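Structural features, examined
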Amino acid sequence: MNESLDIGLAMEEFEFTQDELQQINALELSFTTNISRNIDHSESDSEQMQIPKRKRHLVIASDTDSDSESVKDFVASNISQNDRISLKWSRPKRRQPSVIPFTEFEGMKLPYSSLLKEADPDKYYGLLVPEEIFKMIAEQTNLFASQNITAKQTKPGSRSHSWKPTNMTEIKKFLGLILYMGIVKLPKLAYYWSKDKILGQNFPSTVMSRNRFELLLQYLHFSDNLTADRNDRISKIRPIIDALNATFQKYYAPKEDICVDESQVPYRGRIIFRQYNKSKRHKYGMKLFKLCTIPGYTCKLHLYSGKNIDTINTTPTNVVMALSEYIFEKGHTLATDNWYTSLELAYQLLEKQTHLIGTLRKNRRGLPKAVIDSKLQKGETMAMENEDGITVLKWKDKRDVFMLSTKHSDKFAVAVKKGKQIRKPRVILDYNKSKGSVDMSDQMGAYSSPLRKTVKWYKKLAVELLLNTAVVNAWVMYTENKKSNISIVDFRRALIEYLIRPADSQERNLNQRPKRLKHELKRKEGKVRDTRRFCVKCYKDSVEEFGRIIAKNKCKKVSTYCMQCDGEPHYCLMCFNKIHRFQ
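Numbering of residues starts from 1 in every chain and runs along the sequence as written. For a predicted model such as this one, the threshold for reporting local features is a pLDDT of at least 70, and the threshold for listing and counting side-chain atom pairs is 80 or more; totals across whole chains, interfaces and linings nevertheless cover every residue. To obtain the side-chain values, all non-hydrogen atoms of the structure were included, while hydrogens and water were left out.

1. Points about the overall build of the protein
Inclusion rule: Put simply, DSSP marks the helices as runs of H or I at least four residues long and the strands as runs of E at least two long, and each gets a number from the N terminus on. Partly exposed describes any residue whose relative accessible area lies between the buried limit of under 20% and the exposed limit of over 50%, with all areas from a 1.4 Å probe on protein chains only and scaled to the type maximum. Note on definitions: a residue-residue contact is assigned when non-hydrogen atoms from the two residues lie within 4.5 Å. Surface accessibility follows the Shrake-Rupley procedure with a 1.4 Å probe radius. Residue values consider only the protein chains on display as shielding.
Counting its regular elements, the protein contains 21 helices and 18 strands. Expressed as a percentage of its 583 residues, the buried residues of the protein come to 48%. Considering only contacts in the protein between residues 6 or more positions apart, those separated by 24 or more positions represent 66%. A total of about 32900 Å² of accessible surface is found on the protein, and carbon and sulfur atoms cover 49% of it.

Quick look at the structure:
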């Protein structure tokens, strides 16, 4: 009798397997009626029970004595979250523990929703991408251009010599042209300024010249290379990510149902944190972790920069906790796929008063074997829940589907599919509704996307964030606040008009030439053999007629050039008169 009593008290200090725990519980039940409640604790401390050392779950027996509280406090402060996962599973009781009900305001925040009730699309986009971002881009572009031109020895004929500092207005026009190129797609950038009657476009030349556009594209930059953290792989784009995350959260409150998932920005260049994902349309690219809400609004995003450097986006649990940090304690329901979902994540979110629903991998730690090993027919379910109200469910559809939820039991609901009513578990229906927000964001961003092939990864990512993610977010706010059904393509067209809008009268467009400016042919100073170049017009005509190899030998070189033309091209006297005879 006394020996069994001592064993029951000492077992709180050891780890037990599930089989060992069942045997001990059976022994305790057989002696329960004969054990006295007055215990000499000094005798129990002298006895110890030898149990095999295995890395198993730590289970603490419940007790009403005062000593049990101190034991629980000691264990809670010295064990990890993984060790707190319960092994006590039972048939669903449909009594999930109460969580703070969701009573937060959702949608576009006040007073912005009332102030912009009759506003145009550019006002909504201006909230998410304010003028401070355009000013920062202009400053960093000018800084990078000056550093690059002075540090490198550019060739005499390089158009970098014609670089002039840019400003906020010109950067907006530059991005407006990129947005336009997503709607009107041509195979090459040069075709947008072509005079060809089939490929030629009139609009781009009214905004800026081709040479100026290509110069801005060459020197586009977002951070100072000299002061950037060398240990941060994404320092070139971090100012844009931080600025957009701040505005995304400032003006819009997420709905009750939110979702965490990854999005792929297509990129096949050489970069150390490029990822391969066979389930995505673009299998190679940069991975963005997104926190989205219905109907596709991106609340927060992180860029994955590699497991050896990235201290936040290393494990699925860390990714979810970092992205969801600002929505804790509000009663949200978070949906995740099977890469993120685990019992460990469920417990951490419950501590933050946040629900979790998600698909589950059957090899996750701590899951009930009765559910995992059950054999089901199509339409059948098997579910179990623990004392914390966490339900693990297996549903047989075309294949086995494993789900975890902290707010659902095994109840069914009726859904309509192709005009037919079908029965599905409630957790499946709620998961499908929440999980589609990231996919919806990617889908709307893919319509008339301005993304193009480029060598610089950070430029492509900036275009994705500024002209896809931010545009989709602005479109969501606009359609919800104004109850409008405008398409995303029409919304992009309205933004193009806003971005290319001329500056105030005091701010002069840097690319605009003064009226009545006459072109004049001049001769370059210096030795002739150092200043001679191919005549632009002669060389172009020879290439079209004979090819590049013969054109180099056939075309003549001259030292005369027109300093009023962009890039200061060389012309012979005959070609110059043909081109500028009306000026």
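Next comes the rest of the description.
2. Looking at the nonpolar core
Stated precisely, the cut-off is as follows: Residues grouped as a nonpolar core are buried Ala, Val, Leu, Ile, Met, Phe, Trp, Tyr and Cys residues, joined through side-chain atoms within 4.5 Å.
If you look at the biggest cluster of nonpolar residues, it comprises 111 residues, and the most contacted ones within it are Y125, I237, I240, L303, W457 and L466. Listed in part, the 12 residues of the second largest apolar core include C538, C555, C562 and Y571.

3. A few points about a positive patch on the surface
Worth spelling out the cut-off: A patch consists of residues exposed above 30% relative accessible area that lack any salt bridge, with like charges linked at up to 9 Å and nonpolar side chains (Val, Leu, Ile, Met, Phe, Trp, Tyr) linked at up to 5 Å. Whenever a carboxyl oxygen of Asp or Glu lies within 4 Å of a side-chain nitrogen of Lys or Arg, that contact is scored as a salt bridge. Two residue types count as positive, namely Lys and Arg, and two as negative, namely Asp and Glu; His and chain ends fall outside the count. In this description, the location of a charge corresponds to atom NZ of lysine, CZ of arginine, CG of aspartate or CD of glutamate.
A surface patch of positive charge is lined by K378, K398, K417, K418 and K420. Mapped onto the fold, K417 is located in strand 13 (residues 412-417).

4. Section: the packing of aromatic side chains
The test is simple: Pairs were defined over the aromatic rings of Phe, Tyr and Trp, the Trp ring being its six-membered one, requiring ring centres within 6.5 Å. Orientation was assigned from the angle between planes: stacked under 30 degrees, edge-to-face over 60, tilted for the rest.
Applying the stated criterion to the full structure yields 19 aromatic pairs. On the numbers, 4.8 Å between centres and 50° between planes, the contact of Y180 with F203 is tilted. Placement of Y180 in helix 8 (residues 168-183) and of F203 in helix 9 (residues 203-207) is noted, with a sequence separation of 23 residues between them. Residue Y180 is classed as buried on the basis of its relative accessible area of 10%. Using a relative accessible area of 25% as the deciding quantity, one classes F203 as partly exposed. Taking 5.0 Å as the distance between ring centres and 50° as the angle between the ring planes, the aromatic pair formed by Y276 and Y284 counts as tilted. Ring pairs connect the aromatic residues F222, F273, W457 and Y458, which therefore count as one cluster.

5. What about a nonpolar patch on the surface?
There is a patch of nonpolar side chains on the surface, built from I183, Y447 and V489 and spanning about 210 Å² of accessible area. Relative to the helices and strands, Y447 is located in the loop between helix 15 (426-446) and helix 16 (457-482).

6. A look at helix 16
As a reminder of what qualifies: By this rule the span expected of a helix is its residue count minus one, scaled by 1.5 Å. One axis fitted to the seven residues ending at a residue, another fitted to the seven starting there: the angle between these axes is the bend at that residue.
Relative to the 38 Å expected for 26 residues at 1.5 Å per residue, helix 16 spans 36 Å between its end C-alpha atoms, a close match to the ideal helical length. Of all the bends in helix 16, the greatest measures close to 30° and is centred on L465. In terms of burial, helix 16 is largely enclosed, as 24 of its 26 residues are buried. Immediately downstream of helix 16, the backbone of K483 shows phi near 50°, a positive value.

7. Considerations on the side chain of S235
Locating S235 in the fold gives a position in the loop between helix 10 (210-219) and helix 11 (238-250). The class of S235 is buried, set by a relative accessible area of 16%. Once residues lying within four places of it in the same chain are set aside, the contact partners of S235 are S223, A228 and D229.

8. What about the packing of helix 8 against helix 16?
To be explicit about the condition: Axis lines are fitted to C-alpha atoms, over the contacting stretch for helices. Their N-to-C directions set the angle, which ranges from 0 to 180 degrees. Each angle gets one of four labels, with under 35 degrees taken as roughly parallel, over 145 as roughly antiparallel, 65 to 115 as roughly perpendicular, and the rest as oblique.
Direction vectors running N to C along helix 8 and helix 16 enclose 80°, while the axes themselves pass 11 Å from each other. Compared by their axis directions, helix 8 and helix 16 come out roughly perpendicular. Of the residues in helix 16, those touching helix 8 at L175, I178 and L179 are V463, L466 and L467.

9. Quick look at the pairing of strand 9 (residues 355-359)
To keep it simple, the criterion reads: The path from the first strand over the helix to the second decides the hand: if it runs clockwise while the strands point away from the viewer, the crossover is right-handed. Strand pairing requires that DSSP identify at least two bridges connecting the strands.
With respect to burial, strand 9 is a largely interior element, 5 of its 5 residues being buried. Across the two faces of strand 9 the burial is the same, with H355, I357 and T359 and L356 and G358 all buried. After leaving strand 8 (residues 333-336), the chain enters helix 13 (residues 343-351) and then returns to the sheet as strand 9, a path that is right-handed. Relative to strand 12 (residues 400-405), strand 9 runs antiparallel, the two being bridged by 3 bridges. Its bridge partner being in strand 12, I357 is matched across the sheet by S405.

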